[in-house]
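Residues per chain are reported as follows:
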Amino acid sequence: MLPSAETAPPLLRATALTRHFPITTGVLRKHRTGAVRAVDGVDLTVHRAETLGIVGESGCGKSTLASLLMALDQPTAGTVTIDGQDPFSLSGRELRTLRRRVQMVLQDPYTSLNPRMTAGQIVGEPFAIHPEAVPKADRGRRVAELLETVGLDPSHRDRYPHQFSGGQRQRLGIARALALGPRLLLCDEPVSALDVSVQAQVLNLLQDLRRDLRLACVFISHDLAVVQHLCDRIAVMYLGKIVETGTREQIYTTPRHPYTRALLAAAPVPDPGRRAPDDAHLLEGDLPSPASPPSGCRFRTRCPHAREQCLTEPELRTRDGADHPTACHFPLDTTTRRTNA
Amino acid sequence: MSPDAHPLLEVEDLCVEFRTRRGTIRAVNGLSYALHEGETLALLGESGSGKSVAAQAVMGLLDTPPAHITRGAVRLRGDDLLAMSPEGHRQVRGTRLSMIFQDALTALNPVLSVGDQLAEMYRVHQGTGRKAAFARAVALMDRVRIPAAARRVHDYPHQFSGGMRQRVMIAMALALDPEVVIADEPTTALDVTVQAQIMRLLKQLQGETRMGLLLITHDLGVVAEAADRITVMYAGRTVESASAEDLYARPGHPYTRGLLDSVPRLDRLGKSLVPITGAPPLPSSVPAGCAFHPRCPRAEPRCGSEAPPFRTLSPAGHRSACHFAEEVHHAPVG
């Protein structure tokens, strides 16, 4: 964190952010019978040049959270502020200006690029929507610069997406996200569609960009090892709620929430010598439906430590003075480090 | 002949081509491996490496045309599967050899209850009566630890969660006590916590039945936790094969080494990654010589013209197809 972080307003802040999707029944007269509580009261802040990782399994609401943070979807309750401004209260030109500061890299480089546009057109398209960003005469040069920044050959600007490999396509997606000079890049599973040997290239590129351009990043992934590699701070999500946040070291070496520890125990490590799967911490059962989450602590149905107290909902709070809040009535002892870390 | 003389499943110099109007694609080019009883062998490879095609060839699931098995042998306890009639192969499939697919939602029939589909295995292959077959289906679901099996046997695939659906797939594969189970990316579609449950289940079942498990995957972590031996494929060819410990500790091929250096790991916080440059070749344009040479940091001119032989590096059976295999094998792992 930067020294000025305490004084400057955060780049991105979400407060009690909530998104419920209604469940309706009836054909002619639809009526609401429930709601999928995809995101349910999430607080988070991202400071300048900081990287926040959001980890969770499928169905935990991490992609819904991404579209709320990007102001692509209206929250049911709660607020998002970007540089202190609320995107949902703005419209027209003001909203467009605000959007320039936050850009997104999508998961699938095969479906997120228009197959009928050339690489140059794809990377230059943001300038058509935000003509004030770069004067027309400079756009060709800027596109070439962007391609070079992400490690692509500017002479390939007239090629179509199918002429690029998966890794190169993801680089195009990153170049497009950088076109407007954002301060924050939101990456939703940016490497999970790529082959192992190519993932590392894209991860290294993201890391270089973040450092060279002093970009803040929100990095959403199901893969703990990938998140570990890129992020300063990490938030763990379960069923629409954040259950723990902390620095990379705090989360990986001294997790406080039983869910975080279970996730770490389940993640396979590429070392046959370490093959003693941490059976004691493996979870039973599946993720409950977000349409009818358990009362109280949402993790209690799968938690090995659940007790009566867990029927009341725990708040995300800090103990022991460390900046490492967790939503658990019985947080794990942080004095014992995980053995395989 | 002692039972050990025949491995359970032996694949020798397997070549599979797809003949299309736009040319011939060689998807598998000289794959060999042997799987023993109670053993887990991993076929490790990225997309396009030919690992799934190789499995389908063994299962006899490839359509000819366009696929043609042009060379090689597949032997199940000495019985040549490729020489069998389609009917003979169908008999073997399910009873002696079975497969777990990646995506249980598309592999299961959506309009039949799970019980009907499991019972069908007994009705078709063993002529079991309807009631008895259903009872065995329930027992099977119990065996793969599906809770409340007697009630859930009437449910349809969409009513199960991803992990439970994968258990149904496993139940179906194990129904007739096969000698060999081929699992093609069995946990790729699942979350990590569920993946851990499924891998643990497979291991427990293997302990009960002594089945040979061929695990096809791209995930270096899953392989490290599950496999006894590993065969690494690249562009349709075998590039390395060794015991799991040996392969991770002393890789003998630059590709394997590159893979190990490029995965982010939970046990190495913040360590920088060394990626492999470039991208895997398309099966339609595999480079001449060593297929990996355009991406290889160690490549010399001869790598572009001379295909390296698959050589033995150690008495323990560590083999590698690289001109500089010894040098790579003995270099320290970073």
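Quick caveat, the model's predicted, so the values are computed rather than measured. (Residues numbered from 1 in each chain as written. Chains lettered and ligands numbered in written order. Predicted model: local features only at pLDDT ≥ 70, side-chain atom pairs only at ≥ 80, totals over all residues. Heavy atoms only, no water.)

## Structural notes on the overall build of chain A
Here is step 1 of the chain: Helix and strand content of chain A: nine helices and nine strands.
Here is step 2 of the chain: For 341 residues, the compact-globule estimate of 2.2 N^0.38 gives 20 Å, and the C-alpha radius of gyration of chain A, at 21 Å, lies within 12% of that figure.
Here is step 3 of the chain: By the burial criterion, 54% of the 341 residues in chain A qualify as buried.
Here is step 4 of the chain: Of the contacts formed within chain A by residues at least 6 apart in sequence, a portion of 65% connects residues at least 24 apart.
Here is step 5 of the chain: A total of about 15100 Å² of accessible surface is found on chain A, and carbon and sulfur atoms cover 49% of it.
Here is step 6 of the chain: Looking at chain A, you have 42 positive and 37 negative side-chain charges, and the mean spots of the two groups are 5 Å apart. (Helix = DSSP H or I, 4+ residues; strand = E, 2+ residues; numbered from the N terminus. Rg over C-alpha atoms; globule rule 2.2 N^0.38 Å. Buried < 20%, exposed > 50% of the residue type's maximum accessible area, 1.4 Å probe, protein only. Contact = heavy atoms within 4.5 Å. Areas by Shrake-Rupley, 256 points an atom, 1.4 Å probe, with all protein chains shown as cover. Lys, Arg positive; Asp, Glu negative; His and termini not counted. Charge placed at Lys NZ, Arg CZ, Asp CG, Glu CD.)

## Focus on the side chain of Ser221(A)
Residue and element names in this part refer to chain A.
Here is step 1 of the chain: Looking at the element boundaries, Ser221 is found in strand S7 (residues 216-221).
Here is step 2 of the chain: Assessed through its relative accessible area of 3%, Ser221 is described here as buried.
Here is step 3 of the chain: A distance of 2.9 Å separates a polar side-chain atom of Ser221 from the backbone nitrogen of Asp223. (Polar contact = N/O pair within 3.5 Å; in protein donor to acceptor, adjacent residues only side chain to side chain.)

## Focus on the interface of chain A and chain B
Here is step 1 of the chain: On the side of chain B, 46 residues touch chain A, which itself brings 39 residues to the contact.
Here is step 2 of the chain: A combined buried area of about 3800 Å² lies between chain A and chain B, and 58% of that area is made up of carbon and sulfur atoms.
Here is step 3 of the chain: Summed over the shared surface of chain A and chain B, the number is zero salt bridges.
Here is step 4 of the chain: Applying the counting rule to chain A against chain B returns 15 residue pairs in polar contact (both at pLDDT 80 or more).
Here is step 5 of the chain: Only helix H6 (196-212), helix H7 (224-230), helix H8 (248-253) and helix H9 (258-266) of chain A provide two or more residues apiece to the side of chain A that touches chain B.
Here is step 6 of the chain: Here the side of chain A that touches chain B takes seven residues from H6(A), the largest share from any one element.
Here is step 7 of the chain: By residue class, the composition of the side of chain A that touches chain B is 18 nonpolar, 10 polar and 11 charged. (Buried area = accessible area lost by both parts, 1.4 Å probe. Salt bridge = Lys/Arg side-chain N within 4 Å of Asp/Glu carboxyl O. Nonpolar A, V, L, I, M, F, W, Y, C, P; charged D, E, K, R; others polar.)

## As for the confidence of the model for chain B
Here is step 1 of the chain: Residues of chain B with pLDDT of at least 70 account for 98%, and the chain-wide mean is 89.
Here is step 2 of the chain: For this predicted complex, the interface confidence reaches an ipTM of 0.82, while the overall pTM sits at 0.86. (pLDDT = per-residue confidence, 0-100.)

## Here's the deal with the sheet that holds strand S1 (residues 9-20) of chain B
Residue and element names in this part refer to chain B.
Here is step 1 of the chain: Across the sheet, four strands lie side by side as S2-S1-S4-S5; this open sheet has antiparallel pairing. Strand pairing shows two members of the sheet lacking a second neighbour, strand S2 (23-35) and strand S5 (79-80), which therefore form its edges.
Here is step 2 of the chain: Sheet topology places S1 next to S2; 10 bridges connect them, and they run antiparallel. Of the residues in S2, the one forming a bridge with Cys15 is Asn29.
Here is step 3 of the chain: Against the sheet, helix H1 (residues 51-59) touches S1, S2 and strand S4 (67-76), its axis set at about 110° to S1. (Pairing = 2+ DSSP bridges. Axes fitted to C-alpha atoms, helices over the stretch in contact; angles between N-to-C directions.)

## Examining the confidence of the model for chain A
Here is step 1 of the chain: Across chain A, the average pLDDT comes to 87, with 93% of residues at or above 70.
Here is step 2 of the chain: Confidence drops under pLDDT 50 across residues 1-5 of chain A; counting only partners more than four residues distant or on other chains, this segment forms seven contacts.

## Quick notes on the packing of aromatic side chains
Each aromatic ring pair is specified by the distance between its two centres and by the angle formed by the two planes.
Here is step 1 of the chain: By the definition in use, this model includes six aromatic pairs over all chains.
Here is step 2 of the chain: Consider the rings of Tyr238(A) and Phe299(A), whose centres lie 5.1 Å apart with planes at 85°: the pair is edge-to-face. A residue pair is termed long-range when its members are at least 10 positions apart, and Tyr238(A) in strand S8 (residues 233-238) and Phe299(A) in the segment after H9 qualify at 61 residues. The pair Tyr238(A) / Phe299(A) is uniform in exposure class, with both members buried.
Here is step 3 of the chain: On the basis of an interplanar angle of 55° and a centroid distance of 4.5 Å, the ring pair of Tyr234(B) and Tyr255(B) is categorised as tilted. A residue pair is termed long-range when its members are at least 10 positions apart, and Tyr234(B) in strand S9 (residues 229-234) and Tyr255(B) in helix H11 (residues 254-262) qualify at 21 residues.
Here is step 4 of the chain: These aromatic residues form a ring-pair network of at least three members: Tyr238(A), Tyr259(A) and Phe299(A).
Here is step 5 of the chain: The residue whose ring lies beneath Arg152(B) is Phe160(B), and the NZ or CZ to ring-centre distance is 4.1 Å. (Phe/Tyr/Trp six-rings, centres within 6.5 Å; stacked < 30°, edge-to-face > 60°. Lys NZ or Arg CZ within 6 Å of the ring centre and 35° of its normal.)

## Observations concerning the pattern of salt bridges
Residue and element names in this part refer to chain B.
Here is step 1 of the chain: A complete count under the given rule lists 39 salt bridges over all chains for this structure.
Here is step 2 of the chain: Across the pair Arg229 and Glu39 runs a salt bridge whose closest N-O atoms are separated by 2.8 Å. Taken together, the positions of Arg229 in strand S9 and Glu39 in the loop between S2 and strand S3 (40-44) put the pair 190 residues apart, joining distant regions of the chain.
Here is step 3 of the chain: By relative accessible area, which is 25% here, Arg229 ends up partly exposed.
Here is step 4 of the chain: A relative accessible area of 11% places Glu39 in the buried class.
Here is step 5 of the chain: Two residues, Arg145 and Glu208, come together in a salt bridge whose shortest N-O distance is 3.6 Å. Placement of the pair is Arg145 in the loop between helix H5 (130-143) and helix H6 (149-152) and Glu208 in helix H8 (residues 192-209), with a sequence separation of 63 residues.
Here is step 6 of the chain: Under the relative-accessibility criterion, Arg145 is labelled partly exposed at 35%.
Here is step 7 of the chain: Classification of Glu208 as partly exposed rests on a relative accessible area of 45%.
Here is step 8 of the chain: Counted as one network, the salt bridges with shared partners bring together Glu37, Arg77, Asp79, Arg96, Glu179 and Arg210.

## Some details on the sheet that holds strand S12 (residues 319-320) of chain B
Residues and elements named next belong to chain B.
Here is step 1 of the chain: Taken in spatial order, the eight strands line up as S6-S7-S8-S3-S9-S10-S12-S11 in an open sheet, and their pairing is mixed. Two strands bound the open sheet, and with one partner strand each, they are strand S6 (97-100) and strand S11 (311-312).
Here is step 2 of the chain: In this structure, strand S7 (residues 180-184) lies alongside strand S8 (residues 212-217), joined through five bridges in parallel fashion. Opposite Val180, over in S8, you have Gly212 as the bridge partner.
Here is step 3 of the chain: Packing of H1 onto the sheet brings it into contact with S3, S6, S7, S8 and S9, and relative to S6 it is tilted by some 145°.

## Looking at the nonpolar core
Here is step 1 of the chain: Within the largest apolar cluster, 66 residues are counted, with the highest numbers of intra-cluster contacts made by Ile174(A), Leu185(A) and Phe219(A).
Here is step 2 of the chain: The element best represented in this core is H6(A), accounting for six residues.
Here is step 3 of the chain: Not counting residues up to four positions away in its chain, the partners in contact with Phe219(A) are Leu52(A), Gly53(A), Ile54(A), Cys187(A), Pro190(A), Leu203(A), Leu206(A), Val226(A), Val227(A), Leu230(A) and Cys231(A).
Here is step 4 of the chain: Ranked by size, the runner-up nonpolar core spans 43 residues in total, among them Val114(B), Tyr122(B), Phe134(B) and Leu176(B). (Core = buried A, V, L, I, M, F, W, Y, C linked by side-chain atoms within 4.5 Å.)

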